[in-house]
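# Report on the structure
One letter stands for each residue in the lines below.
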Amino acid sequence: MLGIIGGTALLKADLPPLKKTTVATPFGSAEVLAGDIAVLKRHQHNTPPASVNHRANLAALKILGVDKLIIIASVGGMKPEHPPGTIAVASGYFSPWAIPTLHEHDIYHVPASLDDDLAANLLELIPDAHRGVYFQSKGPRFETRSEIAHFAEHADYVGMTAASEAALANELGIPVAILCTVDNYANGIEGAGVPTYEGILDSAKNNGERLTELITEIVKRLA
């Protein structure tokens, strides 16, 4: 079963019939729209990035039978060549902060990876997609100029959730890919000014129509 994690653009896409389902997991309950595919809104109930229960969300998808996962992430572009409006397929991810694990009480190690086959499918659907590394900051605040200058030496896009989701998918044995939509320039990129939440929402709306179309095509191809 295909699983998709994302935001409001998910529900505007042409999706198969889905039923709202509350899934109980050892880490709490998660609300999922389920049917032939499973769709999960990470910020349901207006949950801020730092408070998202990633463990419950990913465990719920596994319980429902998800065996391939597309994570859709709104990001800031940390390089001038990745302006707002850019669509990217992440080639890797990392975070210097601790990210959630399902194995707090046992010794368990799993390679962290993004799935090459899923990435190849996305790149075929989006010929103009960029490639780059996703960096997860802690949030909920925006990053400082100094932080972005440092992060940009090692990565291309900055967000607050996708690395946690991908790492948990790795632990659960779910192949995963990250599709990034650049909705703002990160703080300190020359000429971009200081990012604002309102500005990101406006940019996300501009990206929304294309993202909705892409989600529809992803479902047709991978479901």
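Look up: the structure comes first, before these words.
In this text, all values refer to a predicted model and were calculated from it rather than measured experimentally.

What counts, and at which threshold
Residues numbered from 1 in each chain as written. Predicted model: local features only at pLDDT ≥ 70, side-chain atom pairs only at ≥ 80, totals over all residues. Heavy atoms only, no water. Phe/Tyr/Trp six-rings, centres within 6.5 Å; stacked < 30°, edge-to-face > 60°. Helix = DSSP H or I, 4+ residues; strand = E, 2+ residues; numbered from the N terminus. Contact = heavy atoms within 4.5 Å. Axes fitted to C-alpha atoms, helices over the stretch in contact; angles between N-to-C directions. Parallel < 35°, antiparallel > 145°, perpendicular 65-115°, else oblique. Left-handed = near helix turned anticlockwise from the far one by under 90°. Nonpolar A, V, L, I, M, F, W, Y, C, P; charged D, E, K, R; others polar. Buried < 20%, exposed > 50% of the residue type's maximum accessible area, 1.4 Å probe, protein only.

### What about the packing of aromatic side chains?
Overall, the coordinates contain four aromatic pairs when judged by the stated rule. Between F94 and F135, the aromatic rings sit 4.9 Å apart at their centres with planes inclined by 90°, giving edge-to-face as the arrangement. Of this pair, F94 sits in strand β6 (residues 87-94) while F135 sits in strand β7 (residues 130-136), and the two are 41 residues apart along the sequence. Aromatic pair W97 and F135: ring centres 6.3 Å apart, planes at 80°, arrangement edge-to-face. Remark: F135 occurs in strand β7 and W97 occurs in the loop between β6 and α3 (116-125); sequence separation between them is 38 residues.

### Some words on the environment of H103
Looking at the secondary structure, you find H103 in the loop between β6 and α3. When the C-alpha atoms of H103 and E171 are compared, they prove to be 8.7 Å apart, with 68 residues separating the residues in sequence. Residues in contact with H103, not counting those within four places in the same chain, are Y108 and E171.

### Considering the packing of helix α2 (residues 54-64) against helix α5 (residues 162-171)
At their nearest, the axes of α2 and α5 sit 10 Å apart, and the two run at 45° to each other. Looking at the two axes, α2 sits oblique to α5. The element α2 and its partner α5 pack so that their crossing is right-handed. On α5, the residues touching H54, R55 and L58 of α2 are S164, E165, L168 and A169. When the residues that make up the contact of α2 with α5 are grouped by side-chain class, the tally is three nonpolar, two polar and two charged.

### Section: the environment of K41
In this fold, K41 is placed in strand β4 (residues 38-41). A residue is classified by how much of its surface remains accessible, and K41, at 27% relative accessible area, is partly exposed. In sequence terms K41 and G6 are 35 residues apart; their C-alpha atoms lie 5.3 Å from each other.

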